[in-house]
There are 2 protein chains.
Amino acid sequence: MDYLLYLIPVIGILSLIFAFYLASKVSKQEAGNKKMREIAEAISEGAAAFLTAEYKILVIFVVVLFLFVGFGIGNWLTAVCFVAGAVFSTLAGYFGMNVATKANVRTANAAKEGGMNKALSIAFSGGAVMGMCVAGLGVLGVSGIYALTKNSDILFGFSLGASSIALFARVGGGIYTKAADVGADLVGKVEAGIPEDDPRNPAVIADNVGDNVGDVAGMGADLFESYVGSLASALTLGLMYENAAGALYPLSVAALGLLASIVATFFVKGDEKSSPHKALKMGSYVSSLLVVVFSLALSKRFFDNYNGAIAVIAGLVVGILIGVITEIYTSADYRFVKKIGEQSETGTATTIISGIAVGMRSTSMPLILICIGIFLSYQACGLYGIALAAVGMLSTTGITVAVDAYGPIADNAGGIAEMSGLDKTVREITDKLDSVGNTTAAMGKGFAIGSAALTSLALFVSYAEAVKLKTIDILDYRVIIGLFIGGMLPFLFSSMTMESVSKAAYRMIEEVRRQFKEKPGIMEGTEKPDYASCVAISTKAALKEMLLPGIMAVAAPLGVGILLGTQSLGGMLAGSLVTGVLLAIFMSNAGGAWDNAKKHIETGYHGGKGSEAHKASVVGDTVGDPFKDTSGPSINILIKLMTVVALVFAPLFIAIGGIL
Amino acid sequence: MDYLLYLIPVIGILSLIFAFYLASKVSKQEAGNKKMREIAEAISEGAAAFLTAEYKILVIFVVVLFLFVGFGIGNWLTAVCFVAGAVFSTLAGYFGMNVATKANVRTANAAKEGGMNKALSIAFSGGAVMGMCVAGLGVLGVSGIYALTKNSDILFGFSLGASSIALFARVGGGIYTKAADVGADLVGKVEAGIPEDDPRNPAVIADNVGDNVGDVAGMGADLFESYVGSLASALTLGLMYENAAGALYPLSVAALGLLASIVATFFVKGDEKSSPHKALKMGSYVSSLLVVVFSLALSKRFFDNYNGAIAVIAGLVVGILIGVITEIYTSADYRFVKKIGEQSETGTATTIISGIAVGMRSTSMPLILICIGIFLSYQACGLYGIALAAVGMLSTTGITVAVDAYGPIADNAGGIAEMSGLDKTVREITDKLDSVGNTTAAMGKGFAIGSAALTSLALFVSYAEAVKLKTIDILDYRVIIGLFIGGMLPFLFSSMTMESVSKAAYRMIEEVRRQFKEKPGIMEGTEKPDYASCVAISTKAALKEMLLPGIMAVAAPLGVGILLGTQSLGGMLAGSLVTGVLLAIFMSNAGGAWDNAKKHIETGYHGGKGSEAHKASVVGDTVGDPFKDTSGPSINILIKLMTVVALVFAPLFIAIGGIL
């Protein structure tokens, strides 16, 4: 079956070629009038400037960790793979975001010239570039390294590289986007009373840049990390339990899943009669269906039974169901969001309390689904099955990321339409595209958390193998101590990231207030606001604030592993996995629910825009911003990164032994 | 050493006699003028009515669970002990609250007639009745059952009785007090613009009743449960690892700790020059110091070494330090609360975000302290040491509960002074006493959580023994599933209790609004508001809303144990312990911090009362109310109760086996 091993990277390359084709298709579109192009240019420059500044810092981080890995475990091949993982993640982020910042203005122009379907097609193509890059580079990287070296252990080095970049991309991007968003909203909308995306708002460009660096680049890096982590884990566990076939099976599922995603992109076609949501869903359904068929065929071929496919399909179905559950808790079509809207009538406090209650309650079904996924996949293939379930859930990553990245592109298109004063009908089209994007974003977040949970669990199992622990016993006091410390870390981490958003937003608020005060001509439209200074503030604040949580995520497993030993570290990883998944779901869904409760009121319920209920719902939405776009999603990375760090440095911990 | 076993219950009885002496001392005090006595009567009647109604429901619950225990595990002696535990808890709650509702008006009168010292003395004596009842009945119950039967296993039946009552007392009391508080505040203070405790507010009596049923009876039942649980666990583990001496040692520490608490009450003496806080702290320090000496002497006597004492002292010191940490995060003397106050200037959203961030951050130090406590006590005595640490932490329960219960008495005294129109100087004294009560309440909550964590852990170890599990291995998929489900339960439970407060408060708000509307004379002082209807609404709502979370707490471990088996149940208990402790600390401290940030602003910072910052801080405080007084503290009981249920029904789970 060796030829397969060389075929798989080829599919990865194919996907990149397809991404290139999509990108050039997007580039060829008309970018609209001069004003539109100017605005798009400013967004694109701001985004590129942030990524460049971020990567400069990350180079230092990568070099330091490279030396740490090399000297710490004495395996320079792993260290090199680490750098490769970091570079691949960077490439995916850079390329995907670059195209996204081209697609936004072209979507706006298509809405102006060609109507809904044309606009949907461009926005989705732009997102699909990110999707194909993430999945293509993931398959290429993992299968390429394994095909070249036949060494599975060093794959976790690649995974560590992906995780490190992902952490900073998610945390930095999350802080960037929310600082700009909160700053633009609080001063622009609330204090000055100008609408969203008004060109007079100095923070408006930064806000649109934020959508790209947070929701496109950050999200892409997050899923790249999960994708790579689950593949590396399934491959090593497969080798252990099922020999060569066990390693090839997950790679083949991923490769055919990638092909399925490519095929599925052709099914995403707008239809004047139905909603864009339906078109996007069609893409997901087609790719999922293909993966089911492929995984069954491959399982029969590799193992001569369907056990492998059961695990893969369990993961896939759980991922889809978590998305559905997320929609129920965060969409105004269902009772939870409506309830928050009602509570807004009795004031801000009850809005906050009911949103927190909804967020907490929304944890139960996803957790039960994950447990069912674990049960089924374990019954089918043991611990290897859990890793396969993660691979299954992530097998449609290509199309999932495409749909996710579509959202911020549509959002940006609306912003550009507003800022360049396009006709109201254009804005109506982009609004419709955007509102679908909000739902897909919430579902994408649920999916990201679900896949992070299964991936971390798979990596956790690999960790136990790596440090040669036969059991991690909760009755062992070292494990108990680890559990408590690990459980606490996501709380500490979330508190750090939320405070970071506060600090960064505070600086943005001051800057916007200063500009309004010093340049009274801005409000009258006679003077141009200084967009660049707001972009610079968000950039600087995000980069400064991402460091402490980032360092904590690497230092915590290293510190516990070295000081307390491998048993405590095992407990710590399990503890942070449990509380991390719960906090991430709680925060993401509470934030999503508040957001949509506000939008629900804005459509005319409970007094509509400007009512007291609306004011209360705006506070809920503002509290929800760092919940759903900074802290919540960053926890996904925290739990994966800590596990990968533990895994890569396993030889070091075994050598030192720890005090407990 | 058998004579000791009969001496210990005698000390329990001695403590009850002392409680009786204190109660009659309080009763003998003057109750003030007619108006004061009328108001006090209304509060006392409302509190008694609630407890009576609650106990009527609990009788049914106790009978059902009695039959469940008896038939389920076939041990009717355990079932009888369960009833005894429930009865003892009920007695402690009823007696303690009865005296508290006498002490409140007498404290107000003492402030009027005799000044600060006299008032402090009565309020503290009133609280000490609850303290002595809780600790006295705890020691009497556990040591009495063991002395009579020499059967340690049935003690968990007694513990289950204590836990069941505690759950309903905490949840019901918590919902009662916050429904009344939020209702009184939102309509009275915010809408009608009348001050706190104004007699024109129809919900004012219900609010004062709430302090008694929530903060006195609920808190007492909580600590009674921890106290009994830690003793039962230490006794059984002691028997297993150290024979008779191992069983007698924790009982002796508890008995001498009780004596130390009695002695310490005489050191709580007001001093015109220093603050009441100092006097209360003196009591805690004296009792702690005595426990250190006693535990060392007893350890030498029983084991011929100091290992037992090391474990006890580790627990004691960790408990004290958690109190100190709690103060740092929730008192306006330190930077965290000041920071929230600052954030109030930029609006409600930033107030909420910073409070949540402070609450989350505040989890780290207590968790690390608990880990240090586990480490030290395990090093000293193995798993038995963890149970001893819990006993050590709770050894000063007598004085701790006294200080805790002092708070609501002083709070009530202030309310009575306000409602009966006493002189401003009287209110100044009660305000001073009350403000100390706020700090001690926050510290008491931290202590309650810390002790719940160690007690649950000790009970968890006992559970593993009871179901004959040598390991509970996180690499076992059944344990992983349990961990996830268990981790989720505190989130689900908190969401339930918060929604309950919302619902109950909503009914209260409607009633207060109705009265103001239908009886316009209330505001002019010509018409008397209908206090009783508000009391009835709080009572009815609390009793109705406490059922679902209460049943869940019992049903979850039963369901998982029966369906999924003992391994999954072990994972579930560990998962809920970890997330439960974290959520409880987070919610309690965030609530305490918001409360004090509001008070900080009211003393004149950031614009003082009536400023925009103040309004934002009031919202923070209202969100914090269910956090700190309902959901947070209720989680303590949840994690203990679920573990005790698992422990008592262990024979059933072994017999059935579970599907996993």
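Residues numbered from 1 in each chain as written. Chains lettered and ligands numbered in written order. Predicted model: local features only at pLDDT ≥ 70, side-chain atom pairs only at ≥ 80, totals over all residues. Heavy atoms only, no water.

Regarding the UniProt feature "site: Determinant of potassium dependence" (unreviewed entry) in chain A
Residue and element names in this part refer to chain A. Mapped onto this numbering, the UniProt entry annotates "site: Determinant of potassium dependence" (unreviewed entry) at Ala441. Note on placement: Ala441 falls in helix 13 (residues 424–466). Under the relative-accessibility criterion, Ala441 is labelled partly exposed at 28%. (UniProt positions renumbered as here; feature names shortened; annotations may be inferred. Helix = DSSP H or I, 4+ residues; strand = E, 2+ residues; numbered from the N terminus. Buried < 20%, exposed > 50% of the residue type's maximum accessible area, 1.4 Å probe, protein only.)

What to know about the relation of the copies chain A and chain B
Note on the identical chains: chain A maps onto chain B by a rotation of 180 degrees and an axial translation of 0.0 Å, with an RMSD of 0.0 Å. Taken together, these values place the two copies in the relation of a two-fold axis. The C-alpha atom lying nearest the rotation axis in chain A is that of Asp473 of chain A; the distance is 2.2 Å. Residue by residue, 100% of the interface of chain A is reproduced at the interface of chain B, so both copies engage with the same surface. (Least-squares fit on C-alpha atoms with pLDDT ≥ 70 in both. Contact = heavy atoms within 4.5 Å.)

Some remarks on the pattern of salt bridges
Oppositely charged side chains can pair when the atoms bearing their charge come close. For the structure shown, the criterion picks out 52 salt bridges over all chains. Here Lys178 of chain A makes a salt bridge to Asp181 of chain A, at a shortest N to O gap of 2.9 Å. Here the residue Lys178 of chain A and the residue Asp181 of chain A both occupy positions in helix 5 (residues 155–192), the gap between them amounting to three residues, near one helical turn. Here the two residues Lys178 of chain A and Asp181 of chain A agree in accessibility, since each one is buried. Residue Glu418 of chain B is joined to Arg427 of chain B by a salt bridge in which the shortest nitrogen-to-oxygen separation is 3.2 Å. Salt bridges sharing common partners tie together Lys178, Asp181, Lys445, Asp595, Lys599, Asp625, Lys628 and Asp629 of chain A. (Salt bridge = Lys/Arg side-chain N within 4 Å of Asp/Glu carboxyl O.)

A closer look at the environment of Tyr21 of chain B
Residue and element names in this part refer to chain B. Mapped onto the fold, Tyr21 is located in helix 1 (residues 2–28). Residue classification places Tyr21 among the partly exposed residues on the basis of a relative accessible area of 43%. With 481 residues separating them along the chain, Tyr21 and Ser502 place their C-alpha atoms 41 Å apart.

Concerning the interface of chain A and chain B
Each partner contributes residues to the interface: chain A has 66 residues there, and chain B has 66 residues. Both sides together, the interface formed by chain A and chain B hides about 6200 Å², and carbon and sulfur atoms give 84% of it. Of all residues in chain A, Leu475, Phe484 and Phe491 of chain A give up the largest surface area on contact with chain B, accounting jointly for 13% of the area buried on that side. Applying the counting rule to chain A against chain B returns two salt bridges. Of the charged contacts in the structure, one is a salt bridge between Glu499 of chain B and Arg361 of chain A, with a shortest N-O distance of 2.8 Å. Our enumeration of links across chain A and chain B arrives at 12 residue pairs in polar contact (both at pLDDT 80 or more). Sorting the residues of the side of chain A that touches chain B by element identifies helix 10 (348–361), helix 11 (364–394), helix 13, helix 14 (477–518), helix 17 (566–602) and helix 18 (612–648) of chain A as the ones contributing at least two each. Of all the elements, helix 14 of chain A adds the most residues to the side of chain A that touches chain B, at 18 residues. The class makeup of the residues in the side of chain A that touches chain B is 49 nonpolar, 13 polar and four charged. (Buried area = accessible area lost by both parts, 1.4 Å probe. Polar contact = N/O pair within 3.5 Å; in protein donor to acceptor, adjacent residues only side chain to side chain. Nonpolar A, V, L, I, M, F, W, Y, C, P; charged D, E, K, R; others polar.)

What to know about unusual backbone geometry
With a phi close to 50 degrees, His606 of chain A is a non-glycine residue in the positive phi region. If you trace the backbone, His606 of chain A turns up in the loop between helix 17 and helix 18. For His606 of chain A, a relative accessible area of 23% gives the class partly exposed. Within the chain, Asn243 of chain B stands out as a residue other than glycine whose phi angle is a positive 60 degrees. By the element assignment, Asn243 of chain B lies in helix 6 (residues 204–265).

Notes on the packing of helix 14 of chain A against helix 16 (residues 531–564) of chain A
Residue and element names in this part refer to chain A. Where helix 14 meets helix 16, the closest approach of the two axes is 9 Å, and the angle between their N-to-C directions is 170 degrees. Classed by the angle they form, the pair helix 14 and helix 16 counts as roughly antiparallel. Of the residues assigned to the contact of helix 14 with helix 16, the class counts are 17 nonpolar, five polar and five charged. (Axes fitted to C-alpha atoms, helices over the stretch in contact; angles between N-to-C directions. Parallel < 35°, antiparallel > 145°, perpendicular 65-115°, else oblique.)

Quick word on a nonpolar patch on the surface
Residue and element names in this part refer to chain A. Together, Val59, Val63, Leu67, Phe71 and Trp76 line one region of the surface with nonpolar side chains, adding up to about 500 Å² of accessible area. Per-element accounting of the nonpolar patch gives the leading share, four residues, to helix 2 (residues 34–73). Along the polypeptide, Phe71 turns up in helix 2. With a relative accessible area of 65%, Phe71 lands in the exposed category. (Patch = residues over 30% accessible without salt bridge, like charges linked within 9 Å, V, L, I, M, F, W, Y side chains within 5 Å. Areas by Shrake-Rupley, 256 points an atom, 1.4 Å probe, with all protein chains shown as cover.)

Describing helix 17 (residues 566–602) of chain B
Residue pairs spaced three or four apart in an α-helix point in one direction, given the helix's 3.6 residues per turn. Residues and elements named next belong to chain B. Taking 1.5 Å as the rise per residue, helix 17 with 37 residues should run 54 Å; its terminal C-alpha atoms sit 53 Å apart, in good agreement. Counting buried residues along helix 17, 35 of its 37 residues qualify, which places the element largely inside the surrounding structure. Gly604 sits one or two residues past helix 17 and shows a positive phi near 120 degrees. (Expected span 1.5 Å × (residues − 1).)

Focus on the packing of aromatic side chains
All names here are of chain B. For the coordinates displayed, the defined rule picks out 34 aromatic pairs over all chains. Arranged with centres 6.0 Å apart and planes meeting at 75 degrees, the rings of Tyr249 and Phe302 form a pair that is edge-to-face. Note that Tyr249 is positioned in helix 6 and Phe302 in helix 7 (residues 276–303), a separation of 53 residues in sequence. Across the pair, exposure class does not vary: Tyr249 and Phe302 are buried alike. (Phe/Tyr/Trp six-rings, centres within 6.5 Å; stacked < 30°, edge-to-face > 60°.)

Considerations on helix 10 of chain A
Spanning 14 residues, helix 10 of chain A covers 20 Å between terminal C-alpha atoms, matching the ideal 20 Å at 1.5 Å per step. Of all 14 residues making up helix 10 of chain A, 13 are buried, and the element is well covered by its neighbours.

Notes on the packing of helix 4 (residues 116–149) of chain A against helix 6 (residues 204–265) of chain A
All names here are of chain A. Helix 6 packs onto helix 4 with a crossing angle of 25 degrees between their chain directions and a minimal axis gap of 4 Å. When the axes of helix 4 and helix 6 are compared, the pair comes out roughly parallel. Along this stretch, helix 4 crosses helix 6, giving a crossing that reads as right-handed. (Left-handed = near helix turned anticlockwise from the far one by under 90°.)

Brief notes about the confidence of the model for chain A
Taken residue by residue, chain A gives an average pLDDT of 93. The fraction at 70 or more is 100%. Quick note on the complex model: pTM equals 0.96, ipTM equals 0.95. (pLDDT = per-residue confidence, 0-100.)

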